[in-house]
Amino acid sequence: MKKIKAVMVGQPNVGKSSIINAISGARLHVGNFAGVTVEKKEVDFTYQDYAINIVDLPGIYSLNAYTPEEHVAKRYLINEEYDLIVNVVDANVLQRNLILTLQLLDMNPKMVLAINMIDEVEEKGGSIDAVKLSELIGRPVVLVSAKEKRGIDDLVKMIIDEYNTPHEKRKIYYNERIEEEIEKLSKILLKSSHFNDPDLARFYVIRLFENDEDIYKIIHDLPIFLEFHEAMGESMRRLQLEFDEESVADILANERNSIAKSLVMQVVKSPRKESLTDKIDKILIHPIFGLPIFLFFMWLLFQLTFEIGSLPVDYLDATFSNFALWVKGILPPGDINAVITDGIIPAVGSVIMFLPNILILFLGINLLEQTGYMARAAFLLDGFLKKFGLQGKAFIPLVSGFGCTVPAYMAARTLKNPKDRIITMLVLGFMSCSARLPVYVLLISAFFPTHNAGNILFIIYISGAILGLIVAKILRMVLFKGEPEPFVMEMPPYRFPSLKALGMELWIKAKLFLKKAGTFIAGTAMIIWFLSSYPVHNKLVQSYEQKIELAKSDEQKIQLQNELAAKNLEYSYLGQFGKAIEPIFAPLGFDWRMSVATISGLAAKEVVVSTLATLYAVGEADEKSSTLIQRLRENVDFKAAIALIVIIMIYSPCVAAMSTFWAEVPQWAWRTFYLIYPNVLAWIAAFSVYNILAFMGY
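So, here's what we can say about the structure. Computed from a prediction, not measured in an experiment: that's the story for all the values here. (Residues numbered from 1 in each chain as written. Predicted model: local features only at pLDDT ≥ 70, side-chain atom pairs only at ≥ 80, totals over all residues. Heavy atoms only, no water.)

**Description of the pattern of salt bridges**
So, point 1. Inspection of every chain in the model, using the stated rule, returns 22 salt bridges.
So, point 2. One salt bridge in this structure joins R207 and E210, with 2.8 Å as the shortest N-O distance. Here the two residues R207 and E210 agree in accessibility, since each one is buried.
So, point 3. Across the pair R593 and D591 runs a salt bridge whose closest N-O atoms are separated by 3.4 Å.
So, point 4. You can call R593 buried: its relative accessible area is 16%.
So, point 5. Salt bridges sharing partners connect three or more residues here, namely K74, R75, D106, R207, E210, D212, D214 and R256. (Salt bridge = Lys/Arg side-chain N within 4 Å of Asp/Glu carboxyl O. Buried < 20%, exposed > 50% of the residue type's maximum accessible area, 1.4 Å probe, protein only.)

What follows is the structure, given as structure tokens:
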């Protein structure tokens, strides 16, 4: 069986992943590119007598790379071994996408051009002549609709045909004067024993015209470098004079724009009628109604997150409680029994109960993104964000922060200006990630009426976002003086989301969450159980056991057992630690157990729930106090609960997120600043809220 290795490359949001999902029998593998944390997707499948492997490269606007993802994609294209390129473009914005296509053709590779989303163009009355475009660029072209699974088999057949086709001749050339200079410089490179391929030499010259540092490093070590460098300088000066431009990179960019425009004029039949996207945009990005509509969508998302997500909570709670009782009954009495039934199962169960809420939140964010509305929201909020010193493009990482802060930090890489990027990263922690959601839902369920729960959750999230904007404004005025860079973003057409893609995303999120619950959270629960169970005070235990034996009623026995459990907890290692840090949190109304839970949240926010479950689950449960919610109502007052919500909303994100921040921001000054300021701000805010509520009589 013959093996074909292809790379799939295209600009962001052209539907590369959708095409991969549409290939029948394909097996997806997800990992990282070597040496970086950029996700690497590969798909393997067989067709006839061929075993085909496709590497899905990160989205890249051009070979003039800026972000880490773009550098990974560019270096893979230039340095790695593969048989051919599958270049995916969006039929709706063909001219802009063809800029990257023309850069790829500079390499003169074996290549298939897949024009995706052709169904959307045809629905609007337009068409694209694939045969004509293929003749013009000298590469096979296929019209594809990943959503309708149309053209997928044709694409696979073209991959095989292109693999078996001898190397095609180049059909796309630049202006005659540019080509003359490219040929002169290529001849110098070909003098070196390192070059025997005229196409590679030509490609290197073009990349050097565009100031490609990676290629410069390769050429710099060659014996012909001095001769080439001098000739290169002369060529660039001649072209700058000829075209009256300051840089040859601009000349080449203008050339590609002209070629792309010419290709589109020859092969695209434009739609005759106003598109559905245009009609919807008149409402959703209306200058007056657009922002209220966006806020309504956000409010609706949080309502559904709480209302629907809370439906299975009681069932899951009862399931884990019964499971713990069943395990307690079959295991012999002792420490192993206790750590499993009193530590791991209740702790993991208390977190998994909130999985439905998290999945609903992720589903909502994915829907907004896949339908194309997220880009509109960024457009709507651009002017608003600028008033607070943030660039409009910062909206994407800020919204990503509502899902998980780790990828949100990585998404901030798209902000080219260092000031804009650092400001955005310094306030990302105020966007409440999904890991904080279980804590919010727990405290809202315990201290607020059910009919207001969704509204309270919405207020918490919006309050965190508003606080983040205020802090961003202060940072811009004090530490990062100057205006944010102007913001340009493409508006993709509205699309129906792919149910398969949505299902896959939710499955991955659920699997990662359950893996985290079964490993990290379970491990943390074991540590907390150990610290809360040892050292054992035998004299105290013996004293209470004698009292329990002498008790005359069951109620007295239960009361004494609860007292013993509370005393053991208070004298344990964890109790001693809690007592030591209690003075820091006492002004907020926290007891030592809430103090310990708050500190544990620095490891992972979900751990706050499991820690509270471990520390407050003392004594035998009865029908009136069987849940953590009931225990919180009995032991925590309203003011302290609100102060805890404020702390969770503001203080440092989890260890994984902080590690990502440190990896993305190399300056020690900003690392130290971010380690301190959110925690100090959280304490001050919680202290203020606690005392305001006390003044109001709560």
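**A few points about the side chain of R436**
So, point 1. Checked against the element boundaries, R436 lands in the loop between α20 (418–427) and α21 (437–447).
So, point 2. R436 gets classed as buried once you look at its relative accessible area, which sits at 0%.
So, point 3. Within polar-contact distance, the side chain of R436 engages the backbone oxygen of I648 at 2.7 Å.
So, point 4. If sequence neighbours within four positions are ignored, R436 has contacts with G429, K605, I648, M649, I650, Y651 and P653. (Helix = DSSP H or I, 4+ residues; strand = E, 2+ residues; numbered from the N terminus. Polar contact = N/O pair within 3.5 Å; in protein donor to acceptor, adjacent residues only side chain to side chain. Contact = heavy atoms within 4.5 Å.)

**Considering the environment of A114**
So, point 1. With respect to the element layout, A114 can be found in strand β6 (residues 111–116).
So, point 2. Between the C-alpha atoms of A114 and L155, which are 41 residues apart in sequence, the distance is 7.2 Å.
So, point 3. Every residue in contact with A114, bar those within four places of it in the chain, is listed here: N87, V88, V89, V142, V144 and L155.

**Describing the pairing of strand β5 (residues 84–90)**
So, point 1. Across the seven residues of β5, seven count as buried, placing the element largely inside the fold.
So, point 2. Pairing geometry for strand β1 (residues 2–9) and β5, over four bridges, is parallel. Among the inter-strand pairings, V7 is bridged to a residue of β5, identified as I85.
So, point 3. Pairing of β5 with β6 involves six bridges; the strand directions are parallel. Its bridge partner lying in β6, N87 is registered against L113.
So, point 4. Tracing the backbone out of β5, into helix α3 (residues 94–105) and back to the parallel element β6 gives a crossover that is right-handed. (Pairing = 2+ DSSP bridges. Right-handed = clockwise from strand over helix to strand, strands pointing away.)

**Here we look at the pairing of β6**
So, point 1. Burial analysis of β6 places six of its six residues in the buried class, the great majority of the element.
So, point 2. Burial along β6 is two-sided: the face carrying M111, L113 and I115 and the face carrying V112, A114 and N116 are both buried.

**Description of helix α5 (residues 130–137)**
So, point 1. Along α5, the residues that are buried comprise A130, L133 and I137. For α5, the angular spread of the buried residues around the axis is 60 degrees, confining them to a single face.
So, point 2. Among the structural elements, α3, β6, β7 (127–128), β8 (141–143) and α11 (248–267) are those in contact with the buried residues of α5.
So, point 3. The backbone nitrogen of V131 lies 3.2 Å from a side-chain oxygen of the residue at the head of α5, namely D129.
So, point 4. Looking one or two residues past α5, G138 carries a phi angle of roughly 75 degrees, positive in sign. (Arc of directions from axis to C-beta.)

**Here's the deal with unusual backbone geometry**
So, point 1. We note that N108 has phi near 50 degrees; this positive angle belongs to a residue other than glycine.
So, point 2. Assessed through its relative accessible area of 5%, N108 is described here as buried.
So, point 3. Phi is positive for N211, which is not a glycine, with a value near 60 degrees.
So, point 4. Of note, N211 is situated in the loop between α8 (198–209) and α9 (213–220).
So, point 5. With relative accessibility at 55%, the residue N211 sits in the exposed group.

**Structural notes on the packing of α3 against α11**
So, point 1. Where α3 meets α11, the closest approach of the two axes is 9 Å, and the angle between their N-to-C directions is 125 degrees. Classed by the angle they form, the pair α3 and α11 counts as oblique. Relative to α11, α3 is oriented so that their crossing is right-handed. Across from L94, Q95, L98, I99, L102 and Q103 in α3, the residues of α11 making contact are R256, N257, I259, A260, K261, L263 and V264.
So, point 2. Looking at the contact of α3 with α11 residue by residue, the class counts come to eight nonpolar, three polar and two charged. (Axes fitted to C-alpha atoms, helices over the stretch in contact; angles between N-to-C directions. Parallel < 35°, antiparallel > 145°, perpendicular 65-115°, else oblique. Left-handed = near helix turned anticlockwise from the far one by under 90°. Nonpolar A, V, L, I, M, F, W, Y, C, P; charged D, E, K, R; others polar.)

**With respect to the packing of aromatic side chains**
So, point 1. As enumerated under the stated definition, the model contains 17 aromatic pairs in all.
So, point 2. On the numbers, 5.5 Å between centres and 65 degrees between planes, the contact of F448 with F638 is edge-to-face. With a gap of 190 residues between them, F448 in the loop between α21 and α22 (453–478) and F638 in helix α30 (residues 638–650) connect regions that are remote in the sequence.
So, point 3. Plain terms: the ring middles of Y674 and Y677 are 6.1 Å apart, the flat faces sit at 40 degrees to each other, and that makes the pair tilted. Of this pair, Y674 and Y677 both sit in helix α32 (residues 668–695), three residues apart, which is roughly one turn of that helix.
So, point 4. Residue Y674 is classed as buried on the basis of its relative accessible area of 1%. (Phe/Tyr/Trp six-rings, centres within 6.5 Å; stacked < 30°, edge-to-face > 60°.)

**Focus: the nonpolar core**
So, point 1. Counting residues in hydrophobic clusters, the biggest one holds 97 residues, and the most contacted among them are F395, L426, Y440, F590 and L632.
So, point 2. Dropping the residues within four chain positions of it, L632 is found in contact with L442, L443, A446, F447 and Y616.
So, point 3. Core analysis: the second largest hydrophobic core is formed by 65 residues, F203, V205, F225 and L263 among them. (Core = buried A, V, L, I, M, F, W, Y, C linked by side-chain atoms within 4.5 Å.)

**With respect to a nonpolar patch on the surface**
So, point 1. Taken together, the side chains of F296, F297, L300, L304, I308 and L311 present a nonpolar region at the surface, about 540 Å² in accessible area.
So, point 2. Note on placement: F297 falls in helix α13 (residues 290–307). (Patch = residues over 30% accessible without salt bridge, like charges linked within 9 Å, V, L, I, M, F, W, Y side chains within 5 Å. Areas by Shrake-Rupley, 256 points an atom, 1.4 Å probe, with all protein chains shown as cover.)

**With respect to the side chain of D119**
So, point 1. Topologically, D119 is positioned in helix α4 (residues 118–123).
So, point 2. With residues up to four places along the chain from it excluded, the contact list for D119 reads S145, K147, E148 and R150.

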